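# Structural description and commentary
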Amino acid sequence: MSFRTRFIACAICALLPLSAVGEPKAGAYLAARQAAFANDFGTSARYFTQALIGDPTNPYLLENAMVSYVTLGDFESAKPIATVMAQSGFKSQMAHIVLSVDAAVQDDWDRVFSQLESGQGIGPLVDGLTQSWGFVGKGQMAAALESFDALTETAGLGAYTLYNKALALSYVGDFEGADAIFAGAPQNGMRYNRRSAIVHAQILSQLDRNADALALIDGVFGPQTDPTLVQMRTVLATDAVLPFTYVRNAQDGLSEVYLIVAQALLRDGNDDYTLRYARAAVALNAANTDAALLAADLLENLGQYDLATTTYSTVAPSDPAHQSAEIGRSEALRKAGRTEAAIEALQALARAYPDMPRVHATAGDAHRENGDFEAAKISYTKALALYDDADPLRWFIHYTRGIANHTLDDWPAAEADFRAALALRPGQPQVLNYLGYSMVERDINMEEALDMIERAMAAEPQNGAIVDSLGWVLFQRGEFATAVGHLENAAALMPIDPIINDHLGDAYWAVGRVIEAEFQWNRALSFDPLEADATRIRSKLEIGLDAVLVEEGAAPLEVASGDD
């Protein structure tokens, strides 16, 4: 084994527990690939690292082991692998990110520049802004501003660069210069997002312009009442000065760069790739709450609920975003099947923030998921009492409380909630479909129900549940042949839904396609329907739909006039 190979092997061995060193498993590579495919980053990191013991210069294994650690947020473990790759001449964007982040965290800006000069680049935007923040880190503000200005001229990078320049000016106390950049936003392509709007509000407050800061917050966020905005409004209303908190050093500035890239990638990037940039932002600035929340949300999207829960937990209780983080943590717990733990977390949060409607609304969702619809109704009612009348989220709480009331068989309350939701959000397809289908179930207001479902389907023609609703209302009207076509479309859109397959079986039976009806009923049974539905389906298979209707005291099937 050459010296270079021994060096690489030693670097890799340093990552492993003592029990694993020297004991590479033959199946480690296959296990690593399978874990990576399942987004099980902890397992893939362990097995890719074990596989490297037997093949320490393999660039594929090096890259994937390093990426797994980055995705976990473990840059310390990724660093020696990235170092090996750089010293071996392997080109890797992620290795360059790891090494750049490490140098910046160490406040070693000379090393950052050296890496850029040696070709260890990441991309035009990140490289350019890394250089600019590197000058800030070295205390060379004139060079930094020149660097920002030069990058502004690059097509497509102007708005991002101007935002970072405003942050840098604010960091050195030039709030007038920073405000001037934001004031020119409509002309230079900058648009407010949540983070930039809060940054500008802090800048305005630093300039003793609290009234302008309040107007900005109200104009961008409207009646939103999350804790960060509430705290800001309180400070601004008392004529106190908001501190500028977003950039305390050059590392924080570089953290903003990686967060910007992650947010941009949300539009069309893969979640795992986007996650790496969010992790880099947090590695540079552990107080970058937006990056931590983004990382946790991406982990949820990837089905890694335990990692998401851990990431949400990194947001400190003193942070105004702690409430959002705890709500996110409870959602991750719920998605992981730990509904009781989710409810406990939300109950603790409700005690800490009794006047925050989102907490109670999320608790309602958790209770509903857990099958406790009475508790869900209580939580939704508390939320509605706290939401401002103009809050755009009110419609959704009426909708979810309506579902709870409907499940509790309180139809008058359910209908009132659904109609209240539609008053707040006219034409909302989910509400139209739920209310229309519920009326069909009760054989009331059938013309209105059909109109609602048709409007819902026009809005979402590829929604299998809505297409099923249209087919089912036509079935109830006796338009069996027409219903079949819609129900076949619904079954194509949602092929494993037991209710849709059951409905299609009924429609086939009604038009005399008995064998196909029995096939659909058997298919519905295979998809684990509710027990009451399963019992009814078995009866239809045994004695037929007509006999089941007779047993239930219902009217026999009757073809509508004019239906073929």
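Shown above is the structure to which this text applies.
Our subject in this report is the structure included herewith. (Residues numbered from 1 in each chain as written. Predicted model: local features only at pLDDT ≥ 70, side-chain atom pairs only at ≥ 80, totals over all residues. Heavy atoms only, no water.)

### Here's the deal with the overall build of the chain
Helix and strand counts for the chain come out as 33 helices and zero strands. Taking the principal axes of its C-alpha atoms as reference, the chain extends roughly 85 × 70 × 45 Å. The proportion of buried residues among the 564 residues of the chain is 51%. Across the chain, every contact between residues at least 6 apart in sequence was considered, and the portion connecting residues at least 24 apart equals 54%. Total accessible area on the chain stands at roughly 25000 Å², and carbon and sulfur atoms take up 53% of it. Side-chain charges of the chain comprise 40 positive and 74 negative groups, with the mean position of each set lying 6 Å from the other. (Helix = DSSP H or I, 4+ residues; strand = E, 2+ residues; numbered from the N terminus. Buried < 20%, exposed > 50% of the residue type's maximum accessible area, 1.4 Å probe, protein only. Contact = heavy atoms within 4.5 Å. Areas by Shrake-Rupley, 256 points an atom, 1.4 Å probe, with all protein chains shown as cover. Lys, Arg positive; Asp, Glu negative; His and termini not counted. Charge placed at Lys NZ, Arg CZ, Asp CG, Glu CD.)

### Re helix α9 (residues 141–152)
Between its first and last C-alpha, α9 extends 16 Å over 12 residues, near the 16 Å set by a 1.5 Å rise per residue. Residues of α9 that are buried: Met141, Ala144, Ser147, Phe148 and Leu151. Angularly, the buried residues of α9 cover 115° about the axis, an arc narrow enough to put them on a single face. Exposed side of α9, more than 90 degrees from the buried face: Ala142 and Glu146 are the residues found there. Elements that come into contact with the buried residues of α9 comprise α8 (124–137) and α10 (158–171). (Expected span 1.5 Å × (residues − 1). Arc of directions from axis to C-beta.)

### A look at unusual backbone geometry
Most peptide bonds adopt trans geometry, and most residues besides glycine take a negative phi value. Positive phi, normally seen in glycine, also occurs at Asn39, with a value near 60°. Residue Asn39 is classed as buried on the basis of its relative accessible area of 17%. Not every positive phi belongs to a glycine, and Asp107 is a case in point at roughly 60°. As for its position among the elements, Asp107 is in the loop between α6 (93–105) and α7 (109–117). With a relative accessible area of 44%, Asp107 lands in the partly exposed category.

### Focus on the pattern of salt bridges
Taken as a whole and judged by the stated rule, the model has 32 salt bridges. A salt bridge links Asp102 to Lys79, with the shortest nitrogen-to-oxygen separation between them at 3.4 Å. Placement of the pair is Asp102 in helix α6 and Lys79 in helix α5 (residues 75–87), with a sequence separation of 23 residues. Judged by its relative accessible area of 8%, Asp102 falls in the buried class. Relative accessible area serves as the criterion here: at 29%, Lys79 is assigned to the partly exposed category. Asp365 is paired through a salt bridge with Arg368; the nearest N and O atoms lie 3.5 Å apart. (Salt bridge = Lys/Arg side-chain N within 4 Å of Asp/Glu carboxyl O.)

### Points about the packing of helix α4 (residues 59–72) against helix α17 (residues 271–284)
At a closest axis distance of 8 Å, the pairing of α4 and α17 adopts a crossing angle of 60°. The angle between α4 and α17 places the two elements in the oblique class. The chirality of how α4 crosses α17 is left-handed. The segment α4 lies against α17, with Val67, Val70, Thr71 and Leu72 engaging Leu275, Arg276 and Arg279. (Axes fitted to C-alpha atoms, helices over the stretch in contact; angles between N-to-C directions. Parallel < 35°, antiparallel > 145°, perpendicular 65-115°, else oblique. Left-handed = near helix turned anticlockwise from the far one by under 90°.)

### Some remarks on a negative patch on the surface
A cluster of acidic residues, Glu340, Glu344, Asp372 and Glu374, forms a negative patch on the protein surface. If you trace the backbone, Glu340 turns up in helix α21 (residues 339–352). (Patch = residues over 30% accessible without salt bridge, like charges linked within 9 Å, V, L, I, M, F, W, Y side chains within 5 Å.)

What is shown is where atoms sit, not what they do.
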